[in-house]
Amino acid sequence: MDEAPTPRSVAETKEALAAAGYLADEPAALVSFLAQRLGKPILVEGPAGVGKTELAKALARAGGRELIRLQCYEGLDEAKALYEWNYRKQLLRIQAGGESGWEEVHDDIFAKEFLLERPLLQAISSPDPVVLLIDEIDKTDQEFEAMLLELLSDFQITIPELGQVAATTMPIVVLTSNNTRELTEALKRRCLYLWLDYPELEREMEIVRLHAPELPEALARRLVEVVRMVRALDLKKPPSIAESIDWARTLLLMGAEDIDRETFEQSMSIIVKHRTDIDLVAERVGMRLAGAPTQAPG
Amino acid sequence: MTGAAASPYGPRADAGPPGLAAKLLGFCEELRSEGVAVGTSELLDAFAALEEVPWTSRDDFRGALAATLAKSQEDRRVFALLFERWFFRAAEAEAIERGIGEEGRRHEGGERLDVEELRERIRQAIVDGDESAMRDLARLAIAAFGRRGEGSGVVGVDVQRLRRTLGRSTGAQATEDGAAELPPIEREPLSRFERHLRRELERDLIERTSTLPPSRPLAELDRALPTSPSQDLAAVHRAVSQMKRRLATLGHEQRGRRRGRAVDVRRTMRASRETGGVPLRLRYRPKRPHRPEIYVLCDVSTSVTSASVFFLSVLHALHDSFRKLRSFVFIERISEVTEVFEHERDFRTIAERISREGGVADVSGYTDYGRVWLEFLTEISDDLDPRSTVIVLGDARTNGREPHAEVFAQISERAGRLFWLNPEPKLYWNYGDSVMAAYERHCDGAFECWTTRHLESFVNVVAGGAPAGG
């Protein structure tokens, strides 16, 4: 069943992910490794913007697999997630074959040809190993979760008219959740759980420098320190890793040498995106940065 | 029956260090007793995962267990606490059984150091974040301490005393010495050192008495939600956004279900294939859940002062989540504050504006529930319909005035659902001037509520689930 090479050790997984441009921390590497060895889906939770989706993409790049993505939203149903019969084509077939017997037509119109594959079925029936990303599963309702159970535990889908479609290659399944609602026990039971949080200072620096290599080390450190300071405030939307990287690139474009109060205030909107947040950050963080002429002495 | 060698099933597979499976089962049992849902399939996964990682590496071992056993943030917190304790105890129990002790550990180096030097070395270790040095120094400190005859034999007390003795070394001393260039020690590494201290003291105690202290369930304190105000606000927001989903999708789907449905052309056509392309059976578009209309009435009088900050933050969070929300504050009169919440985003300003412009206190500043219901009924209740949900936040203390429960009953009749959140423990309901019982009769549910935990359990009950942490 399994043709894709599985990694032999946690370190190997970590290296492969790093080569794909994703610096995984220990738990992330361990869980990715276990998921491939045990053939179990990964459920990734954590605040927005810590690289949950990126992990799936990196797994795809690292394993040379195709990424199939299912973006969840409220009201997503199986016709859009699993499969749908192409009824127009079926109608045409019925009308075109006017003289053939009903039995024949009946068998005919429920063939693979008339099946529209949606992401989940696509992932299962793909001849090449894939990574299936089910993004923001918490946006759907519990009924949809129940529908996923067969797929997650047995990697197969039952289509009443066709029978079971089982995976020919073992897909890596990654589910992400922003933790806006508690997922059902049944779903969790079938998954390995990974909690991703904002990275440690050193690791975030590495990530920033990986994506903005021209940024001097001292400036990168300063940037990450400021971002961490901002995250420590009670904001509506704390800056994500992606926003740290955007900010790093902005600073490069601005040709900034250091983050002083002026640069900070000019470029702050890259990392803070709510009006009340901006006020709060300007007040709490901006004041603490050096270099402004108006700053109080001493 | 004789021995392993004579087993008809051949030699056994290597099962890791002896007793690991039993230890793991015991650990899972402990997790279950703390309310983590560990099923058989989780256990099997854990064993499967342990086959893949080297179990001699502590981090991998722990990570593999965490990934398979603890599948929510709350579970992770319990897991972290229990993991430390369980495997520490397991190792110690083994040591007692086999009579293994560390030779001379009680005096090791203790006499050579004076307290000053010890302080400096501990400070250095904490600053460097050197775990093994911290551990050694913790033992040294205990030894030096024991030599002076100050050990009390109770771990908690000893930690306190040691901290006091060593306390001068952390920051306060730096300024005394004029050595201002020493960076102050942060709380996190300091508490790491204290953990070592506690652990070594426990180990000491276990070795002296050759018994393990009884394992206690985790104290509520350890697992409680973070309590700093800013985090509280975030937790309230989380609970409310859950509430939003549940109010929107539950409770009303039975009513008027067949009214005003739209035909789904695509699905009708598909169904028509069964009848040769003639659409005999109509298929309908699934009805999207409607947006609930919510009326929140919040008591802001002095008797609920401590709770009203919490209530206001609940209101604040509700406003972020629901578009059709009208909020009211009341003491002696009722006043609509929907606008304040709609135009003001900052929580502190809202609290100020409400206390300034609410105009809800007349003379006494005591709550008059009866009058509030009358006003609400005459002015607002025409807007109520079976789809609306009314939530009252208050302590039901009428200060001896007429409660007008019959008016409240009328409100309850007009509204689809009515919930009461009371900031007092259930024990105090109906004592003194509280007339909770008179109102509770007309509510679809009355809950005690003064922490986010209660709020979550309210949300769960509304959703028809079990109360959280119950």
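Counting restarts for each chain: residues are numbered from 1 in the order of the written sequence. Here every chain gets a letter starting at A, and every ligand a number starting at 1, in the order they are written. Reporting in this predicted model follows two pLDDT cut-offs: at least 70 for local features of residues, and 80 or more for side-chain atom pairs to be given and counted; totals over whole chains, interfaces and linings ignore these cut-offs and use all residues. Based on all heavy atoms of the structure, the side-chain values leave hydrogens and waters out of the count.

Enquirer: Before we move on, could you go through the overall build of chain A and cite the residues and values that matter?
Expert: Tallying secondary structure elements over chain A gives 14 helices and nine strands in all. Only protein chains enter the calculation, and the probe is 1.4 Å; a residue is then buried if its accessible area is under 20% of its type maximum, exposed if over 50%, and partly exposed in between. For chain A, buried positions account for 50% of its 298 residues. Whether two residues touch is decided by their heavy atoms; if any such pair falls within 4.5 Å, the residues are in contact. When contacts within chain A are restricted to residue pairs at least 6 apart in sequence, long-range pairs at least 24 apart make up 72% of them. Computed by Shrake-Rupley with a 1.4 Å probe, the accessible areas treat only the displayed protein chains as cover when residues are assessed. Counting every atom, chain A has about 13800 Å² of accessible surface; 51% of that belongs to carbon and sulfur. Each helix corresponds to a stretch of at least 4 residues labelled H or I by DSSP, and each strand to a stretch of at least 2 residues labelled E; elements are numbered beginning at the N terminus.

Enquirer: An account of helix α11 (residues 217-232) of chain A is requested, with residue identities and associated values reported.
Expert: Residues and elements named next belong to chain A. End to end, α11 covers 23 Å across 16 residues, agreeing with the expected 22 Å (1.5 Å per residue, within 8%). Residues L219, A220, L223, V224, V226, V227, V230 and R231 constitute the buried set of α11. Along the long axis of α11, the arc covered by the buried residues comes to 160 degrees, so they all point the same way. Seen from the buried face of α11, the exposed residues on the opposite side, beyond 90 degrees, are A218 and A232. Looking at the packing, one finds that the buried side of α11 touches α10 (201-211), α12 (241-254), α13 (261-267) and α14 (275-284). Every helix has an expected span of 1.5 Å times one less than the residues it contains. The directions considered for the arc run from the helix axis to the C-beta atoms.

Enquirer: How would you sum up the interface of chain A and chain B? Please name residues and give values.
Expert: Taken together, the 35 residues of chain A in the interface contact 32 residues of chain B. A simple way to read buried area is as the amount of 1.4 Å-probe accessible surface that goes missing from two parts once joined, with both sides added. The junction of chain A with chain B conceals about 3100 Å² of combined surface from both sides, 56% of it contributed by carbon and sulfur atoms. The term salt bridge refers to a side-chain nitrogen of Lys or Arg lying within 4 Å of a carboxyl oxygen of Asp or Glu. Scanning the region where chain A abuts chain B turns up four salt bridges. For E84 of chain A, the salt bridge is made with R270 of chain B, and the minimal N-O distance between the two is 3.5 Å. Counting of polar contacts relies on pairs of N or O atoms within 3.5 Å, with two restrictions inside protein: one atom must be capable of donating a hydrogen and the other of accepting it, and residues adjacent in sequence are counted only when both atoms are side-chain atoms. In this assembly, chain A and chain B are joined by 10 residue pairs in polar contact (both at pLDDT 80 or more). Residue assignment for the side of chain A that touches chain B shows that the elements contributing at least two residues are α2 (26-38), β3 (83-85), α5 (87-96), α9 (185-189) and β9 (192-195) of chain A. In the scheme used here, Gly and all other residues not listed as nonpolar or charged are polar, with Ala, Val, Leu, Ile, Met, Phe, Trp, Tyr, Cys and Pro taken as nonpolar and Asp, Glu, Lys and Arg as charged. Class assignment of the residues belonging to the side of chain A that touches chain B gives a composition of 15 nonpolar, six polar and 14 charged.

Enquirer: Give me the lowdown on the confidence of the model for chain B, citing residues and values where you can.
Expert: All names here are of chain B. Predictor confidence is given residue by residue as pLDDT, running from a minimum of 0 to a maximum of 100. With 60% of its residues at a pLDDT of 70 or more, chain B has an overall mean of 71. Confidence over residues 103-110 falls short of pLDDT 50; this stretch has 15 contacts with residues more than four positions distant or in other chains. Confidence over residues 250-257 falls short of pLDDT 50; this stretch has 10 contacts with residues more than four positions distant or in other chains.

Enquirer: Please set out unusual backbone geometry residue by residue, giving values where relevant.
Expert: Of note, E136 of chain A is a non-glycine position whose phi angle comes to about 55 degrees, a positive value. Notably, H404 of chain B is not glycine yet its phi reads approximately 50 degrees, a positive angle. Relative to the helices and strands, H404 of chain B is located in the loop between β4 (388-393) and α17 (405-414). Residue classification places H404 of chain B among the partly exposed residues on the basis of a relative accessible area of 22%.

Enquirer: Run through the sheet that holds strand β1 (residues 293-299) of chain B, naming residues and quoting values.
Expert: Hydrogen bonds along the backbone pair up the strands of a sheet, which may run parallel or antiparallel. Residues and elements named next belong to chain B. Note: two strands are recorded as paired if DSSP finds a minimum of 2 bridges between them. Read across the sheet, six strands follow the order β3-β2-β1-β4-β5-β6 without closing on themselves; strand pairing throughout is mixed. Taken across any chain shown, the strands that pair with only one partner, and hence form the sheet edges, are β3 (334-336) and β6 (445-448). Taken pair by pair, the neighbouring strands of this sheet meet at an average axis angle of 20 degrees, ignoring direction. Note that strand β5 (residues 417-422) and β6 share four bridges and pair parallel. What sits directly across from L421, in β6, is F447. Orientation is described by lines fitted to C-alpha atoms, with helices fitted over the stretch in contact, and by angles between N-to-C directions that extend from 0 to 180 degrees.

Enquirer: I'd like to hear about the environment of A16 of chain A, residue by residue, with values.
Expert: All names here are of chain A. In this fold, A16 is placed in helix α1 (residues 10-19). On the basis of relative accessible area, A16 is assigned to the partly exposed category, the value being 31%. Separated by 13 residues in the primary sequence, A16 and A29 place their C-alpha atoms 9.7 Å from one another.

Enquirer: I'd like a description of empty space enclosed by the protein, backed by residues and values.
Expert: Residue and element names in this part refer to chain A. The way it works is a 1 Å grid over only the protein atoms, where trapped points that fit a 1.4 Å probe form a cavity and open points with protein on both sides within 12 Å along at least five of seven lines form a pocket, and then any residue with an atom within 4 Å of a point lines it. Grid points are joined across faces, edges and corners, and a volume is the space filled by probe spheres set on the points. Following the criterion strictly, the structure yields five cavities of 30 Å³ or more and no others. By volume, the largest cavity is sized at about 80 Å³. Lining the largest cavity are 11 residues, and of these A35, Q36, M170, P171 and I172 sit closest to its centre. Every element with two or more residues in the lining of the largest cavity is listed here: α2 and β8 (172-177). Among the residues forming the lining of the largest cavity, the class breakdown is five nonpolar, three polar and three charged.

Enquirer: Lay out the sheet that holds β9 of chain A with the relevant residues and their values.
Expert: All names here are of chain A. Sheet architecture is open: five strands sit in the order β2-β5-β8-β1-β9, paired in parallel fashion. A strand with exactly one partner marks an edge of an open sheet, and here the two such strands are β2 (66-71) and β9. Averaged over all adjacent pairs, the angle separating strand axes in this sheet is 20 degrees, with direction ignored. The pairing of strand β5 (residues 130-135) with β8 spans four bridges and is parallel. Looking at the pairing, L133 lines up with V174 of β8. Taken strand by strand, α2 contacts β1 (42-45), β8 and β9, and its axis lies near 160 degrees from that of β9.

Enquirer: Please set out the packing of aromatic side chains residue by residue, giving values where relevant.
Expert: The geometry of an aromatic ring pair comes down to the distance between the two centres and the angle between the two planes. For Phe, Tyr and Trp, where Trp contributes only its six-membered ring, two rings pair if their centres lie within 6.5 Å, and the inter-plane angle classes them as stacked under 30 degrees, edge-to-face over 60, or tilted in between. Applying the stated criterion to the full structure yields 20 aromatic pairs over all chains. For the ring pair W420 of chain B and Y439 of chain B, a centre distance of 5.2 Å and an interplane angle of 15 degrees mean the geometry is stacked. Remark: Y439 of chain B occurs in helix α18 (residues 436-440) and W420 of chain B occurs in strand β5; sequence separation between them is 19 residues. Like Y439 of chain B, W420 of chain B is buried. Here the aromatic cluster, defined as three or more aromatic residues joined through ring pairs, consists of F330, Y369, W373, F408, W420 and Y439 of chain B. Whether a charge sits over a ring depends on NZ of Lys or CZ of Arg being within 6 Å of the ring centre and within 35 degrees of the ring normal. The ring of F114 of chain A is capped by K89 of chain A, whose NZ or CZ atom sits 5.7 Å from the centre of that ring.

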